[in-house]
Amino acid sequence: MTHNVTCLLSRIFICVTALVCVAAPIAQTQSGSRAPIDWKGTVNIVESRHSEGKNRNDIYVKHSAKREITCTFDPSVNVDGTCSLSDFGRLESDRGWLEDTTEASNAHAHIKAEVSAGKVSIGISGFTAIHKLTTDLGGATDTVGVGPFSFQAPATSESGSWSDGKGTTITWNLSPVYGSEPPPAQEKEPEDKPSELEAAFQAEGYDDWVPEAGEDEAQPGNTLTIRARVYKHNEPAEQSPKKARFRFELSGVSHEKGVCMNWPQLVKGGRDLKIDPTRNLELDVARDGMSATSKELSYDAFLVVTSYDWGGWGTLMVTAYPEGHETVSAHLEGNKSKYELAIPKDEDGNHIADSWEDTNVLGTAIADADDDFAPVGDEHQGDGLSTYEEYRGFRVQGQHIRTEPFQKDLFIWDPSDLGLGYFDDSRITTRLVKADEFDLQSGAPNPRVINFNRGYASAGAQHLLYLKNEKLEGDYGSAAGTGPGVPKTCHTVLIDRSRCLEKDEQELLTTIAHELAHGCNVEHHGDNYKIKEWQSLENDRKTWSNWRPDPRGKAADVAAQGGEESGVEQCIMRYDAATFYENANGSFRWKRPDGTLQRGDEYGFAEASGNIFCDDKKGTGVNAPMGYRRVSKAGDATKGICRRQFCVNDRMH
Amino acid sequence: MQKNRPIFIIASLLILAVVAFFLYFRAFRNEASVSEPTQPAQSSPGALESEEVPPLPNIALEIDTEQELSTFRGIPLIFTVRVANQRAANADVENRARRDSIVLIQDKAAKGEIGADKAKLMLALARRTRPVRAVKLGSPNQGWEQFVHFEYRKEGGSFQRADWVLKPVPAPGRRSVTLDAQARAEVDYALPPEAAGRLSAGSVEVIAVLEVPEGGSLPQDNWRGRVASEPVRMKILPAPVNPSAEEKGTINLQMADFYAVLKDWPNVLASAEEAIAANPKLIRAHMRAADAKEVQGDLKGARDAYGEAKRLFDEQYPNSYEHPLFLIQKISSLDSRLRNR
């Protein structure tokens, strides 16, 4: 469509995902045997790419670009770095009309370093830059760069470099940072017996606690309070003869990107559970918020753990340092064999809170399963979102929701406020989101990803549908993409609102539902054919006229039996207009594509637009036997049963 | 006493009948009240109270139906502002999807595909409802559009209130609107050529803002607050001194679209014909010419113009999955009208 023959936008999405595994000897550093809890330094990516291809107007274009991105690790935000683009090279092209207007603000990368036993892993993801190419011949969508890829780096140091040999070079220089010191070990007094003291902890409202986040990664969410105490060994009701300091340590804390699956964008990332100093005034809290020690000796101490993610998890351990006594590891109140507290309560270890499982799954959920079954649709289960992702939830119209693991969800961006029309008859749970609640990522032809903060137990990228008002060139609507398919294949759902309303309000509601359904893999009821010429009965229906080209266009559309106009008359997916329909007694005739003669009549006025998705192939209304002038206008549908064609899962089809 | 016995019996029977009738009536009323549809707005046992969200309107802005466009200085523009309630739409669709899943869950339970306990849990989830909160805007004395203004920013700048002369065309019919899951309201604003000529060239982002201040004379149940649309990115180019044929086509088609919103059909036709003269392959220019001809009574001219648009569509989009239904319907309708003249 070149009706808007001025500057259009072209976007180049560069997505590079890299994984650097540095087998660094972190156990033996300047701090002896302590493991670093954090890292600082920089990671630098230089990418030079050359790409060529055709834009949507079939114009051949070439691009060359050099980009550099630097990520700085700040120890105070743990292991995630912030990144900014610099020195973006100008795009070059073999067409003089290309103009590079790269916006650095739209370019970002997310680089995450993870520390585990014996090695450092650096993950680079979402390396995305958006270029705007100005052209008077229409926009081009092109993908430059490759990914994901991974490599093994030199195993000797925390500095190094790597190149893929295709233009991408990554260099890094990281050094370890260490956390707060535990209290000094006490000299064991000869008269003390190791079994004299016991320590235990418990969390308030633990069974029902589910993590919640604040507005963004910097804002605190809900909290869990843990009380630890010392008492006489085997006598929980007896006060301890000694006071103690208590040390609380969080470990295995998640650092999922963002606070939920789609909020916020362009985030640094950070640990999802922390010990916040402002909420733990009686504790000395380590800079990284992962450990804290009570300032004073006491019989008990309280710890407040703050959540920064709707799906965070971690493990808490408590150690008591009694005065003049050897250290005592605290166990869970009432359970002497349990020295770790999973936060949230997670008996099955799938990082999904048990209380959510109890009310949404009943039993153990498989975190990466995607088995939503309602509505049935084409019987492919799932909506492209794993159980963990549904649990972690989404931001929808500014509010966080956890979705249900058995209901299929479809996300839609409708910046024109067109509405969903009759699409609710699909019985899919649609969720209209705002522009900042999805992200542009790799995955052409539809770059709009809803679960862009995915990490743990993801089923992969799931796309939303973009519903857009557009002045079209003769049709009411169009699902722009590769034809009917799952959301990832549908670039934009276009609706010509004013043309629909020229017919009536119902046409608008039907067209929106019809085109959205194409974005969920629903097809038309069948196929029509076109004819270039026809004859009509003349002289009181006695002779056929000469062959005439259709005056109403290059070709006339025939509503074939079993074609687009066939099936249930009220179905949204059924066409309700054509030039001719087939009728053995009709006063026109033409040659079918196979060369046989076919009689028929003019289609006449369109029927009322549909308002349901059909459950059957059987023709009804004008398509019923004898339904229109004693014939069936287009017969039973070839495909039909539209309700059983829906699929919103990007991994299918 | 003996004498009064029948009276006692009759009186007792009467009392019993009254009590029975009262009990029956109460039971009947209770039954009726159960079957009444519950108001979604208020708390019911199955409501998702913890997930309840306050009402919030959405405001959308399109300039010449676009969210990204390039235009020349001096070309008139149509700003379309639409208000809706997407939170309500989400809640409504979610409730419908839940309700519709009940039968499916029951079927699965009956077939043994899910256990009885799990089915019970799922049915409980499916029977929950999310409150659908409507948003009320405006009053008979103060139309909702009076609370709309536009802001713009140039590259790197911050948004500032626009002082453009924009006139509603026509004035919106409904001054107060209740935005529920389906309802929406819109108003078009025209930026006439002389005002468009005063815009400076360059890139600009424009937003529409709905801002209803606290207090005021609006009814208490009106929504108050501020919401802004997604920005429309507009590139204003200097008017070309010697426009190419393609540019002439584009400019005149934009003019035709503008006059169509104003329902100034003679100017629609004149602009569309100039666009066609400059670029005969512009399908929408033929459609605009046909619109104007039809309104002005030239049915044959309209039929031919729509026919030419369809011919161009078939030529330019031979493999289009969607057929030009608008054109096919228009042509059929005009053919019929021409035959019945």
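Rules used in this analysis
Residues numbered from 1 in each chain as written. Chains lettered and ligands numbered in written order. Predicted model: local features only at pLDDT ≥ 70, side-chain atom pairs only at ≥ 80, totals over all residues. Heavy atoms only, no water. Helix = DSSP H or I, 4+ residues; strand = E, 2+ residues; numbered from the N terminus. Buried < 20%, exposed > 50% of the residue type's maximum accessible area, 1.4 Å probe, protein only. Contact = heavy atoms within 4.5 Å. Areas by Shrake-Rupley, 256 points an atom, 1.4 Å probe, with all protein chains shown as cover. Buried area = accessible area lost by both parts, 1.4 Å probe. Salt bridge = Lys/Arg side-chain N within 4 Å of Asp/Glu carboxyl O. Polar contact = N/O pair within 3.5 Å; in protein donor to acceptor, adjacent residues only side chain to side chain. Nonpolar A, V, L, I, M, F, W, Y, C, P; charged D, E, K, R; others polar. pLDDT = per-residue confidence, 0-100. Core = buried A, V, L, I, M, F, W, Y, C linked by side-chain atoms within 4.5 Å. Domains from an automatic or database assignment. Pairing = 2+ DSSP bridges. Axes fitted to C-alpha atoms, helices over the stretch in contact; angles between N-to-C directions. Parallel < 35°, antiparallel > 145°, perpendicular 65-115°, else oblique. Left-handed = near helix turned anticlockwise from the far one by under 90°. Expected span 1.5 Å × (residues − 1). Phe/Tyr/Trp six-rings, centres within 6.5 Å; stacked < 30°, edge-to-face > 60°. Lys NZ or Arg CZ within 6 Å of the ring centre and 35° of its normal.

Enquirer: Just to check I follow, could you spell out the overall build of chain B for this structure?
Expert: Helix and strand counts for chain B stand at nine helices and twelve strands. Across the 341 residues in chain B, those meeting the buried criterion constitute 49%. Partitioning the contacts of chain B with sequence separation of at least 6, the portion at a separation of at least 24 is 71%. Accessible area for chain B stands at about 17,300 Å²; split by element, carbon and sulfur atoms hold 55% of it.

Enquirer: Teacher, can you tell me more about the overall build of chain A here?
Expert: Of regular secondary structure, chain A possesses four helices and 39 strands. When burial is assessed residue by residue, chain A has 59% of its 653 residues classed as buried. Put simply, of all contacts in chain A between residues at least 6 apart along the chain, 69% involve residues at least 24 apart. Of the roughly 25,200 Å² of accessible surface on chain A, a fraction of 48% belongs to carbon and sulfur atoms.

Enquirer: Explain the interface of chain A and chain B to me, please; I cannot follow it from the model alone.
Expert: Note: interface size is frequently given as the accessible area lost on complex formation between the parts. Contacts between the two partners involve 87 residues from chain A, matched on the other side by 77 residues from chain B. Between chain A and chain B the total buried area reaches about 7,200 Å² when both faces are included, carbon and sulfur atoms providing 51% of it. Looking at the side of chain A facing chain B, the largest losses of area belong to Asp-417, Lys-471 and Glu-473 of chain A, adding up to 10% of the total buried there. Linking chain A with chain B are 14 salt bridges. With a shortest N-O distance of 3.5 Å, Arg-427 of chain A and Asp-100 of chain B are connected by a salt bridge. The tally of links from chain A across to chain B stands at 40 residue pairs in polar contact (both at pLDDT 80 or more). If you list the elements that add at least two residues to the side of chain A that touches chain B, you get α1 (354-360), β24 (399-401), β26 (429-433), β29 (465-469), β30 (477-481), α3 (497-503) and α4 (505-518) of chain A. Residue composition of the side of chain A that touches chain B, by class: 31 nonpolar, 25 polar and 31 charged.

Enquirer: Can you help me understand the confidence of the model for chain A in this one?
Expert: Low-pLDDT portions of the prediction should not be read for the details of their coordinates. All names here are of chain A. Per-residue pLDDT for chain A averages 79, and the proportion of residues at 70 or more is 69%. Note on residues 1-38: pLDDT under 50 across the span, and 165 contacts to partners over four residues away in sequence or across chains. Every residue in residues 123-157 scores below 50 in pLDDT, and together they form 155 contacts with partners more than four places removed in sequence or on other chains.

Enquirer: Hey, could you run me through the nonpolar core in this one?
Expert: One recurring pattern in soluble globular proteins is that nonpolar side chains are buried together. Judged by nonpolar contacts, the single largest core of 52 residues is most densely connected at Phe-423, Leu-516 and Phe-613 of chain A. Looking at this core, the elements with two or more residues in it are β25 (409-413), β29, β31 (490-495) and α4 of chain A together with α2 (86-110), α7 (283-295), α8 (299-316) and α9 (325-339) of chain B. Of the domains in this structure, domain 3 (366-518) and domain 4 (526-637) of chain A are the two that each give at least three residues to this core. When residues no more than four places from it in sequence are discounted, the contact partners of Phe-423 of chain A are Leu-410, Ile-428, Thr-430, Ala-513, Leu-516, Ala-517, Cys-520, Phe-613 and Phe-646 of chain A.

Enquirer: Would you mind going over the sheet that holds strand β15 (residues 273-275) of chain A with me for this structure?
Expert: All names here are of chain A. Taken together, the five strands give an open sheet; going across it, the order is β15-β18-β13-β12-β21, and neighbouring strands pair in mixed fashion. The sheet is open, and its two borders are formed by β15 and β21 (331-332), each paired with just one other strand. Here seven bridges tie strand β12 (residues 197-203) to strand β13 (residues 223-232), and the two strands are oriented antiparallel to one another. Bridge assignment links Phe-201 to a residue of β13, and that residue is Ala-228.

Enquirer: Mind showing me how you'd approach the sheet that holds β29 of chain A here?
Expert: Strand pairing in a sheet is mediated by backbone hydrogen bonds. Such pairs are either parallel or antiparallel. All names here are of chain A. Pairing in this open sheet of five strands is mixed, and the strands run β26-β25-β29-β31-β30 from one edge to the other. With one partner strand each, in any of the chains shown, β26 and β30 form the two edges of the open sheet. Going across the sheet, the axis of each strand differs from the next one's by a mean of 25 degrees, ignoring polarity. Two strands pair when backbone bridges link them, and β30 and β31 are joined in this way by five bridges, in the antiparallel orientation. For Gly-477, the partnering residue across the bridge sits in β31 and is Ile-495. The strands touched by α4 within the sheet are β25, β29, β30 and β31, with β31 carrying the most contacts at an inclination of about 170 degrees.

Enquirer: What exactly am I supposed to notice about the pattern of salt bridges here?
Expert: When charged atoms on two side chains of opposite charge get close, those side chains can pair. In total, this model carries 62 salt bridges over all chains according to the counting rule given. The network of salt bridges with shared partners includes Lys-471, Arg-499 and Glu-502 of chain A together with Asp-257, Arg-284, Arg-288, Asp-291, Glu-294, Lys-330 and Arg-337 of chain B.

Enquirer: Explain the packing of α7 of chain B against α8 of chain B to me, please; I cannot follow it from the model alone.
Expert: Residue and element names in this part refer to chain B. For the pair α7 and α8, the least separation of the axes is 8 Å and the interaxial angle reads 165 degrees. As the angle between them shows, α7 and α8 are arranged roughly antiparallel. The two elements α7 and α8 meet at a crossing, and its hand is left-handed. In contact with Ile-283, His-286, Met-287, Ala-290, Asp-291, Lys-293 and Glu-294 of α7, α8 contributes Leu-299, Gly-301, Ala-302, Ala-305, Tyr-306, Glu-308, Ala-309, Leu-312, Phe-313 and Gln-316.

Enquirer: Quick question: what am I supposed to make of α9 of chain B here?
Expert: An α-helical turn contains 3.6 residues, so a residue and the one three or four places further along point in the same direction. Between its first and last C-alpha, α9 of chain B extends 21 Å over 15 residues, near the 21 Å set by a 1.5 Å rise per residue. Among the 15 residues in α9 of chain B, eleven count as buried, and that is most of the element. Elements in contact with the buried residues of α9 of chain B: α3 and β36 (556-559) of chain A together with α7 and α8 of chain B.

Enquirer: Can you help me understand unusual backbone geometry in this one?
Expert: Excluding glycine, a negative phi dihedral is what most residues carry, and trans is how most peptide bonds are arranged. Residue and element names in this part refer to chain A. Here Ile-343 and Pro-344 are connected by a cis peptide whose omega angle stands at -5 degrees. Assignment of secondary structure puts Pro-344 in the loop between β22 (341-343) and α1. A cis amide bond links Ala-374 to the next residue, Pro-375, at an omega of -5 degrees. Within the fold, Pro-375 resides in the loop between α1 and α2 (387-392).

Enquirer: Would you mind going over the packing of aromatic side chains with me for this structure?
Expert: The geometry of an aromatic ring pair is captured by the separation of the ring centres together with the interplanar angle, meaning the angle of the planes. According to the stated counting rule, one finds 26 aromatic pairs over all chains in the structure shown. Note on Phe-423 of chain A and Phe-613 of chain A: the rings are 6.3 Å apart at their centroids and 85 degrees apart in plane angle, and the pair reads as edge-to-face. With Phe-423 of chain A in the loop between β25 and β26 and Phe-613 of chain A in the segment after β39 (597-602), this pair connects stretches of sequence that are 190 residues apart. Measuring from centroid to centroid gives 5.4 Å for Phe-79 of chain B and Phe-150 of chain B, while their planes differ by 80 degrees, and the two rings are edge-to-face. With a gap of 71 residues between them, Phe-79 of chain B in strand β3 (residues 77-84) and Phe-150 of chain B in strand β5 (residues 148-154) connect regions that are remote in the sequence. On the basis of relative accessibility, which here comes to 1%, the residue Phe-79 of chain B falls in the buried class. Here Phe-150 of chain B falls in the buried class, since its relative accessible area comes to 7%. Ring pairing ties together the aromatic residues Trp-313, Trp-356, Tyr-388, Tyr-391 and Tyr-456 of chain A, which thus form one cluster. Cation over ring: Arg-395 of chain A sits above Trp-263 of chain A, and NZ or CZ is 3.8 Å from the ring centre. Against the face of Tyr-581 of chain A rests Lys-633 of chain A, its NZ or CZ located 5.8 Å from the ring centre.

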